[in-house]
Amino acid sequence: MSGETYNTTFKITDAPIDNANVEGVFVTLADVRVDGKSLEGFSRTTVNLAALVNGQTETLGNLDLAARSYSNLELVLDYDTDAQGNAPGCYVALANGAKDKLTAQSDRISVSDAFEVFAKTTNEVVLDFDLRKTIREEQGTVESNFEFVSMSELSAGIRTVNEESTGRISGVANDSQNTSDRIVVYAYEKGTFNAETETRGQGESNVTFKNAVTSSVVNANSGSYTLSFLEEGEYELIFASYNRDGDAFFFNALLEAESTTGLNLGSISVSSALQISANVTITGTR
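Residues numbered from 1 in each chain as written. Predicted model: local features only at pLDDT ≥ 70, side-chain atom pairs only at ≥ 80, totals over all residues. Heavy atoms only, no water.

*Asks:* Outline the nonpolar core, supporting the account with residue identities and numerical values.
*Replies:* Among soluble globular proteins, nonpolar side chains are generally buried collectively. Counting residues in each nonpolar core, the largest one holds 41 residues, and the members touching the most others are Phe-10, Ile-12, Leu-29, Val-34, Leu-75, Phe-129 and Phe-148. Membership of the second largest hydrophobic core comes to 21 residues, among which are Leu-237, Leu-265, Ala-278 and Val-280. (Core = buried A, V, L, I, M, F, W, Y, C linked by side-chain atoms within 4.5 Å. Buried < 20%, exposed > 50% of the residue type's maximum accessible area, 1.4 Å probe, protein only.)

Structure, rendered in structure tokens:
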């Protein structure tokens, strides 16, 4: 029926940042707009993105939208004050209790990714604010000094998906050989991973594994990991070893991983609402 709309809820989640000194990453959202219209039910909010990992989300608000593709989503940030009026509005919370203010060239982020609204009763759109791609730390300084990446990188570092069309890959990575201080697993669209370019810093902000769809830090105690909100398609999993130097983790080597259930880690088919178990054993470095 012409003009029919469907209630669409907007949520936010995060892919993790690799730094032991980071206790939280707080972002204050002053407004969230789709096609220039603010979300209904939204109130100015400060979100700890670093806590929203492994599929956890926080609801922002909703809109009644027609069933089609949308590519005009804008986040308005407040860098100066948080939702309680305290300074700063966007910051990295460090282990020593300090707050390192985050700023960018503009307070408005035009998200470059598109999302689909389906002709169904309810839709849930997830904004994946990938901290690994959107925040950088200035190297060579005595104290931690974080900042947002460039506006173009910031725009590209936020992924939007309708949860209805996503699945999940989770599992346990057994590293009995203790190859790493930390292991990160990256999900790539099948055939897109290039070891030579992805393990080197790319772009203005020198982001490694830049083209990964999402990532998950392997839990140091349980070995568990979760790659959430993957759109339907074929994926390959890349396991990477990191060594710790002070408060930071630095890429060490790619890891060899073998599935313990016969799953082909280079070609995993994800469809909507599917939860795939991918338990692996780390057998060494590449």
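*Asks:* Report on the packing of aromatic side chains, specifying residues and quantitative values.
*Replies:* By the definition in use, this model includes nine aromatic pairs. Considering the side-chain rings of Tyr-79 and Phe-148, the 6.2 Å spacing of their centres and the 50° angle between planes classify their relative orientation as tilted. Taken together, the residues Tyr-79 in the loop between strand S7 (73–77) and strand S8 (91–94) and Phe-148 in strand S14 (residues 146–148) connect sequence positions 69 residues apart. Across this residue pair, the class does not change: Tyr-79 and Phe-148 are buried. Between the aromatic rings of Tyr-188 and Phe-193, the centroid separation amounts to 4.9 Å while the plane-to-plane angle is 70°, which identifies the pairing as edge-to-face. Three or more aromatic residues joined by ring pairs make a cluster, and in this case those are Tyr-186, Phe-209, Tyr-242 and Phe-251. (Phe/Tyr/Trp six-rings, centres within 6.5 Å; stacked < 30°, edge-to-face > 60°. Helix = DSSP H or I, 4+ residues; strand = E, 2+ residues; numbered from the N terminus.)

*Asks:* Can you break down the pattern of salt bridges residue by residue, with the values?
*Replies:* Inspection of the entire model under this criterion finds 13 salt bridges. One salt bridge in this structure joins Glu-74 and Arg-108, with 3.9 Å as the shortest N-O distance. Taken together, the positions of Glu-74 in strand S7 and Arg-108 in strand S10 (residues 108–111) put the pair 34 residues apart, joining distant regions of the chain. Given the relative accessible area of 37%, Arg-108 is considered partly exposed. (Salt bridge = Lys/Arg side-chain N within 4 Å of Asp/Glu carboxyl O.)

*Asks:* Go over the pairing of S8 with me, naming the residues and quoting the values.
*Replies:* As a general feature of sheets, a regular strand has side chains that alternate between the two faces. Residue alternation in S8 divides its side chains into two sets, Tyr-91 and Ala-93 and Val-92 and Leu-94, and both sets are buried. As judged from the four bridges shared by strand S2 (residues 22–34) and S8, these two strands associate in the antiparallel manner. Note that in S8 the partner of Val-22 across the bridge is Leu-94. Direction of pairing for S8 relative to strand S9 (residues 99–101): antiparallel, over a ladder of three bridges. Paired with Tyr-91 across the bridge in S9 is Lys-101. (Pairing = 2+ DSSP bridges.)

*Asks:* An account of the sheet that holds strand S1 (residues 6–15) is needed here, citing residue identities and associated values.
*Replies:* Here four strands make up an open sheet; going across it, the order is S5-S1-S12-S15 and the pairing mixed. With one partner strand each, in any of the chains shown, strand S5 (58–65) and strand S15 (158–162) form the two edges of the open sheet. When the angles between neighbouring strand axes are averaged without regard to direction, this sheet yields 25°. (Axes fitted to C-alpha atoms, helices over the stretch in contact; angles between N-to-C directions.)

*Asks:* So what's going on with the environment of Tyr-242? Which residues, and what values?
*Replies:* Secondary-structure assignment places Tyr-242 in strand S20 (residues 233–245). Judged by relative accessible area, Tyr-242 falls into the buried class, the value being 3%. Along the primary structure Tyr-242 and Ala-253 are separated by eleven residues, whereas in three dimensions their C-alpha atoms are 7.2 Å apart. Sequence-distant contacts of Tyr-242, that is, excluding residues within four places in its chain, are made with Asp-18, Ser-180, Asp-181, Arg-182, Val-184, Tyr-186, Thr-208, Phe-209, Phe-249, Phe-250, Phe-251 and Asn-252. Separated by 2.4 Å, the side chains of Tyr-242 and Tyr-186 make a polar contact. (Contact = heavy atoms within 4.5 Å. Polar contact = N/O pair within 3.5 Å; in protein donor to acceptor, adjacent residues only side chain to side chain.)

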